[in-house]
Amino acid sequence: EAGVAQSPRYKIIEKRQSVAFWCNPISGHATLYWYQQILGQGPKLLIQFQNNGVVDDSQLPKDRFSAERLKGVDSTLKIQPAKLEDSAVYLCASSLGGTGVNTEAFFGQGTRLTVV
Amino acid sequence: SQELEQSPQSLIVQEGKNLTINCTSSKTLYGLYWYKQKYGEGLIFLMMLQKGGEEKSHEKITAKLDEKKQQSSLHITASQPSHAGIYLCGADGWGGGYQKVTFGTGTKLQVIP
């Protein structure tokens, strides 16, 4: 079974530039998560999709971050414009999801973003 | 919102020694996950615990959820260099009818040969 695919693995941009990350979840997984992990901290949930609908984006800085999940499969996360404090690893994860059911999430390798 | 506190924050052990990592929640745990992360990479799922008193083992790693379901421990027996990494606990929360997973700050483990 193929895992969660993310690209690119690494990205270096200058502040105020734009950047986009791509995620392909495990086939059949309804729930897709984007997490931001700053060095030395645990992952922080940015946005969660159930199929192609957003169920939680309470911690997404909406003035600069946006995300979409077209057709309930692949997802992209965009930052525009980037700030120095956006330097982090961006993790995508997916799970079977569903209501009333605890299911483990599977993570991609992450994209390490450095803003200079 | 649910907060998870892990202790210790970092740990250095000699190869062959046993160690324990703790995860304490501010609220009742309905699902608790343990993951391992290599620096700068994705998280690898280790175990999921749901019932109070539940204990699971995989190779030399054992995790337990206490009866009150507010604390979990991860125990490694006879540690090896391959056990080195960051261990994260994650907790299930439910918002709007959907599963949400929040994470602790992690415990960094170094194993010295």
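If you're wondering where the values come from, they're calculated on a predicted model, not measured in any experiment.

**Student:** Help me understand the environment of Arg16(A) in this model?
**Tutor:** Residue and element names in this part refer to chain A. On the secondary structure map, Arg16 appears in the loop between strand S2 (10-13) and strand S3 (19-24). Put simply, Arg16 and Leu84 are 68 residues apart on the chain and 8.9 Å apart in space, counted from C-alpha to C-alpha. In contact with Arg16, other than residues within four places in its own chain, are Pro81 and Ala82.

**Student:** What is the right way to look at the packing of aromatic side chains in this model?
**Tutor:** Describing an aromatic ring pair means giving the distance of the ring centres and the angle of the ring planes. Evaluation of the coordinates by the stated rule reveals eleven aromatic pairs over all chains. Between Phe107(A) and Tyr35(B), the ring centres sit 5.4 Å apart and the planes meet at 80 degrees, which makes this aromatic pair edge-to-face. Of this pair, Phe107(A) sits in strand S10 (residues 106-107) while Tyr35(B) sits in strand S4 (residues 32-37), on two different chains. Judged by its relative accessible area of 10%, Phe107(A) is buried. Taking 5.9 Å as the distance between ring centres and 70 degrees as the angle between the ring planes, the aromatic pair formed by Phe107(A) and Phe103(B) counts as edge-to-face.

**Student:** What is the right way to read the pairing of strand S5 (residues 43-49) of chain B from this model?
**Tutor:** Look at any regular strand and the pattern is simple: side chains alternate between the two faces of the sheet. Residues and elements named next belong to chain B. Counting buried residues in S5 gives five out of seven residues, a clear majority hidden from the surface. Sheet analysis places S4 next to S5, joined by six bridges and oriented antiparallel. In the strand pairing of S5, Gln37 is matched with Leu43. A loop of five residues connects S4 with S5, the two strands running antiparallel in sequence, and Gly40 in this loop sits at a positive phi of about 75 degrees.

**Student:** What should I look at first to understand the sheet that holds strand S7 (residues 65-68) of chain A in this one?
**Tutor:** Either a parallel or an antiparallel arrangement is found when strands of a sheet pair, and the pairing is made through backbone hydrogen bonds. All names here are of chain A. Taken in spatial order, the four strands of this open sheet run S1-S3-S8-S7, and their pairing is antiparallel. Bordering the open sheet on either side are strand S1 (5-7) and S7, each of which pairs with just one other strand. Each adjacent strand pair in this sheet contributes to an overall mean axis angle of 15 degrees, direction not counted. Bridge count for S3 against strand S8 (residues 75-79) is five bridges, and the pairing is antiparallel. Within S8, the position partnered with Trp22 by the bridge is Thr76.

**Student:** Would you mind showing me how to read the side chain of Ser95(A) here?
**Tutor:** Within the fold, Ser95(A) resides in strand S9 (residues 88-95). Taking the relative accessible area as the measure of exposure, Ser95(A) reaches 0% and is therefore buried. When near neighbours in sequence (up to four residues on either side) are disregarded, Ser95(A) contacts His29(A), Ala30(A), Thr31(A), Tyr33(A), Thr103(A), Glu104(A), Ala105(A) and Gln99(B).

Scoring rules and cut-offs
Residues numbered from 1 in each chain as written. Chains lettered and ligands numbered in written order. Predicted model: local features only at pLDDT ≥ 70, side-chain atom pairs only at ≥ 80, totals over all residues. Heavy atoms only, no water. Helix = DSSP H or I, 4+ residues; strand = E, 2+ residues; numbered from the N terminus. Contact = heavy atoms within 4.5 Å. Phe/Tyr/Trp six-rings, centres within 6.5 Å; stacked < 30°, edge-to-face > 60°. Buried < 20%, exposed > 50% of the residue type's maximum accessible area, 1.4 Å probe, protein only. Pairing = 2+ DSSP bridges. Axes fitted to C-alpha atoms, helices over the stretch in contact; angles between N-to-C directions.

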